[in-house]
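Structural overview for review
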Amino acid sequence: MRRGMVILFWLCVWQLAAVMTHNDILLVGPVQVGGALLHSMAEADFLRTIFGSACRIGLGFFAALFCGVLLGTCSYRYGWPEEFFAPVITALKSVPVASFVVLLLIWAGSGSLSFFISFLIVFPNVYVNTIAGLKSADRRLLEMAKVFGVSGFNRVCFLYRPALMPYLRSCVKVSLGMSWKSGVAAEVIGLPADSLGERIYMSKIYLDTAGLFAWTLTVILLSFFFEKAVLYCLKKLEDWKPYPAVERRAYRKDAISEVHKDDRRGRSGAAVPGIFIRNVNKAYGNRQVLSDFSLTMRRGGRYCLMAPSGEGKTTLLGLLNRTVLPDAGMIEGVPERIGMVFQEDRLCETYDVAANILLTYRPGTGLHCSGRGKNRGAGAREEALRIIRTEAEKILPPECVTNSVNQLSGGMKRRCAVLRAMLSGAELIIMDEPFAGLDEQNRERTAAYILENLNGRTLLVTTHRAEDAALLDGEIVTL
């Protein structure tokens, strides 16, 4: 009601100003503009005029949106295109629109002028904001996805999309109005047939101020509804929270160094019966974290790594999960699949527990579905969700399984991270202080769940408490 009263007030001011001016060429009131608009709507070519301009400007906008997102993604992914396109983007942002209009009139004629002008106005904004949005993606979540071997599709959908959408929505909101303003202005100069710009220009030629206001009002309304429709679709895309697809492909290792080349087999080609870390050195600048460190872990063993903070526990875990490369030494026998509980929970906060676990869910343990018959596509996802929810209720309250992670307590998030590692189908389970933030009862319950579901897999846990090592019946390793 307040907004309606404000609009009514300014309409009254406008009408009063027109009455006081008493000159229909200088200023007309809303009553005359409304009459002129109704007269234009009664004309046979009114819809054709609107459709022609809307198609050209709309196609230019959507072409710019598509190309901006595509090239922005390529620039983020490969790096060199950003530098390659930098002069072009600078030119598009700096050159006056009038210069582009004149050049395009010479090169392409007036028929497609508004299409190209809308494209050139929108493209730089979308391109720059796409790169900024993708760069804002949480580095810790991306590292988690790399360790678990999350597919490219799931990374885009669940990690990059939430980071990109606020940037994209903001730039689209600005670019929509700019595309209509610049597109219609280009039509006023180029005068393509059946266009809003042509109608505005003809109103000016005949000193039809009411008609000029009416066609301007038409442009404003078209821009308003176009903006609402596009932003509504973007909001739906941003709010869309599907469950991840169940992946059945082989694990793909990213950026594996020479020290990991013989992961599952030794130099002789025989299967490696465990994990061997031989004479590994790692330094950060002048600080030596690991010096000539060696460790042998037999397959299926349980190991608890204990050392004071800052002594290299997290670095050693990074060497095993392939996110850190050693300066010297050899690491052999690391399985392809690794499930990990990081020092931070590294969960997708806006998704529920089941979606977070399904994101890294893989066949491979006794809990996982076979992938045959009905266990494909949607059937595989439904079966996986059923298994995940059943397992989650063993260490989490049942009502929490379908809640968003950002609604859970710190201890619940920690148990969700433990479940994600255990249900990842990994042959090596690495946990960095998995019981942090848990009370004694939940420590015992979670430790019992881990032991019951290891199924012969290797477990490496870092902890500061000897009691945790006792709960897991693990062999203590000190740095």
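Preceding block: the structure.
Residues numbered from 1 in each chain as written. Predicted model: local features only at pLDDT ≥ 70, side-chain atom pairs only at ≥ 80, totals over all residues. Heavy atoms only, no water.

**Remarks on the overall build of the protein chain**
Counting its regular elements, the protein chain contains 16 helices and 8 strands. Each principal axis of the C-alpha atoms in the protein chain carries an extent, and together these give about 95 × 50 × 50 Å. Within the span of the protein chain, comprising 479 residues, buried residues form 48% of the whole. Here the contacts in the protein chain between residues at least 6 apart in sequence split such that 76% fall between residues at least 24 apart. Of the roughly 23,400 Å² of accessible surface on the protein chain, a fraction of 61% belongs to carbon and sulfur atoms. (Helix = DSSP H or I, 4+ residues; strand = E, 2+ residues; numbered from the N terminus. Buried < 20%, exposed > 50% of the residue type's maximum accessible area, 1.4 Å probe, protein only. Contact = heavy atoms within 4.5 Å. Areas by Shrake-Rupley, 256 points an atom, 1.4 Å probe, with all protein chains shown as cover.)

**Side note on the sheet that holds strand β7 (residues 458-462)**
One open sheet accounts for 5 strands, arranged β5-β6-β7-β3-β8; its pairing is parallel. Both outer strands of the open sheet, β5 (338-341) and β8 (475-478), are each paired with one neighbouring strand and no more. Averaged over all pairs of adjacent strands, the angle between strand axes in this sheet comes to 20°, irrespective of strand direction. Sheet topology note: the strand β6 (residues 428-432)/β7 ladder contains 5 bridges and is parallel. Residue pairing for β7: Ile 430 is matched across the bridge by Leu 460. (Pairing = 2+ DSSP bridges. Axes fitted to C-alpha atoms, helices over the stretch in contact; angles between N-to-C directions.)

**Examining the sheet that holds strand β4 (residues 328-332)**
What holds strands together in a sheet is hydrogen bonding between their backbones, with the strands either parallel or antiparallel. Read across the open sheet, the 3 strands follow the order β2-β1-β4; overall the sheet is antiparallel. Bordering the open sheet on either side are β2 (287-298) and β4, each of which pairs with just one other strand. Ignoring strand direction, the axes of neighbouring strands in this sheet form an average angle of 15°. Pairing analysis gives 8 bridges linking strand β1 (residues 274-284) to β2, with the strands arranged antiparallel. The partner of Ile 277 across the bridge, within β2, is Leu 295.

**Let's talk about helix α9 (residues 196-205)**
Among all positions of α9, only Leu 196, Gly 197, Arg 199, Ile 200 and Ser 203 are buried. End-on view of α9: buried residues confined to an arc of 165°, all on one side of the axis. Packed against the buried residues of α9 are α3 (46-78), α8 (152-190) and α10 (209-239). Just beyond α9, the residue with positive phi is Leu 207, at close to 55°. (Arc of directions from axis to C-beta.)

**Some thoughts on the packing of helix α12 (residues 353-360) against helix α14 (residues 410-422)**
Any two packed helices are characterised by the angle at which their axes cross and by the distance between the axes. Between α12 and α14, the shortest axis-to-axis distance is 8 Å and the interhelical angle comes to 30°. Considering the angle they form, α12 stands roughly parallel to α14. Regarding α12 and α14, the two cross each other, and that crossing is right-handed. Residues Val 353, Asn 356, Ile 357 and Thr 360 of α12 pack against Cys 416, Leu 419 and Arg 420 of α14. Residues belonging to the contact of α12 with α14 are distributed by class as follows: 4 nonpolar, 2 polar and 1 charged. (Parallel < 35°, antiparallel > 145°, perpendicular 65-115°, else oblique. Left-handed = near helix turned anticlockwise from the far one by under 90°. Nonpolar A, V, L, I, M, F, W, Y, C, P; charged D, E, K, R; others polar.)

**Considering the environment of Asp 468**
Tracing the sequence through the fold places Asp 468 in helix α16 (residues 466-471). Taking C-alpha positions, Asp 468 is 19 Å from Gly 312, a pair spaced 156 residues apart along the chain. Leaving out residues up to four positions away in the same chain, Asp 468 has contacts with Phe 435, Arg 443 and Thr 463.

**Description of a positive patch on the surface**
Together, Arg 2, Arg 3, Lys 173 and Lys 228 give the surface a local cluster of positive charge. Turning to its location among the elements, Arg 2 is positioned in helix α1 (residues 2-21). (Patch = residues over 30% accessible without salt bridge, like charges linked within 9 Å, V, L, I, M, F, W, Y side chains within 5 Å. Salt bridge = Lys/Arg side-chain N within 4 Å of Asp/Glu carboxyl O. Lys, Arg positive; Asp, Glu negative; His and termini not counted. Charge placed at Lys NZ, Arg CZ, Asp CG, Glu CD.)

**Thoughts on the layout of surface pockets**
Volume-wise, the largest pocket comes out at about 880 Å³. Every residue lining the largest pocket is counted, 29 residues in all, and those nearest its centre are Thr 73, Leu 134, Arg 155, Val 156 and Tyr 160. Mapped onto the lining of the largest pocket, the elements with two or more residues apiece are α3, α7 (139-148), α8 and α10. The biggest single contributor to the lining of the largest pocket is α8, with 10 residues. Looking at the second largest pocket, its volume works out to about 360 Å³. Along the wall of the second largest pocket there are 21 residues; nearest its centre are Phe 158, Pro 162, Cys 348, Glu 349 and Thr 350. Broken down by element, the residue count for the lining of the second largest pocket peaks at 5 residues, all from α8. (1 Å grid on protein atoms, 1.4 Å probe; cavity = no way out; pocket = protein on both sides within 12 Å on 5 of 7 lines; lining within 4 Å. Points joined across faces, edges and corners; volume = space filled by probe spheres on them.)

**Describing α8**
Here α8 contains 39 residues, and its C-alpha end-to-end distance of 45 Å is more than 12% below the 57 Å for a straight helix at 1.5 Å per residue. The sharpest bend along α8 measures roughly 55° and falls at Arg 161, with the proline Pro 162 sitting one to four residues further on. (Expected span 1.5 Å × (residues − 1). Bend = angle between axes of the 7 residues up to and from the residue.)

**Notes on the packing of aromatic side chains**
Evaluation of the coordinates by the stated rule reveals 16 aromatic pairs. Ring centres 5.7 Å apart and planes at 35° place the aromatic pair Trp 14 and Phe 213 in the tilted group. On the criterion of sequence distance, the pair formed by Trp 14 in helix α1 and Phe 213 in helix α10 is long-range, its members being 199 residues apart. Between Phe 62 and Phe 226 the ring centres are 5.7 Å apart and the planes differ by 65°, which places this aromatic pair in the edge-to-face class. Placement of Phe 62 in helix α3 and of Phe 226 in helix α10 is noted, with a sequence separation of 164 residues between them. With relative accessibility at 40%, the residue Phe 62 sits in the partly exposed group. Taken together, the aromatic side chains of Trp 80, Phe 84, Phe 85, Phe 119, Phe 123 and Tyr 127 make up a single cluster linked through ring pairs. Positioned above the aromatic ring of Tyr 284 is the side chain of Lys 282, whose terminal nitrogen or guanidinium carbon lies 5.3 Å from the ring centre. (Phe/Tyr/Trp six-rings, centres within 6.5 Å; stacked < 30°, edge-to-face > 60°. Lys NZ or Arg CZ within 6 Å of the ring centre and 35° of its normal.)

**A few points about the pattern of salt bridges**
Scanning the model with the defined rule gives 20 salt bridges in all. In this structure, the salt-bridge partner of Arg 48 is Asp 194, at a minimum N-O distance of 3.3 Å. Pair noted here: Arg 48 is in helix α3 and Asp 194 is in the loop between α8 and α9, with a separation of 146 residues, a long-range link. On the basis of relative accessible area, Arg 48 is assigned to the partly exposed category, the value being 48%. On the basis of relative accessibility, which here comes to 28%, the residue Asp 194 falls in the partly exposed class. Here Arg 169 ties to Glu 238 by a salt bridge, and the two come within 2.2 Å at their closest N and O atoms. Placement of the pair is Arg 169 in helix α8 and Glu 238 in helix α10, with a sequence separation of 69 residues. Within this structure, Glu 440, Arg 443, Arg 465 and Asp 468 form a network of salt bridges that share partners.

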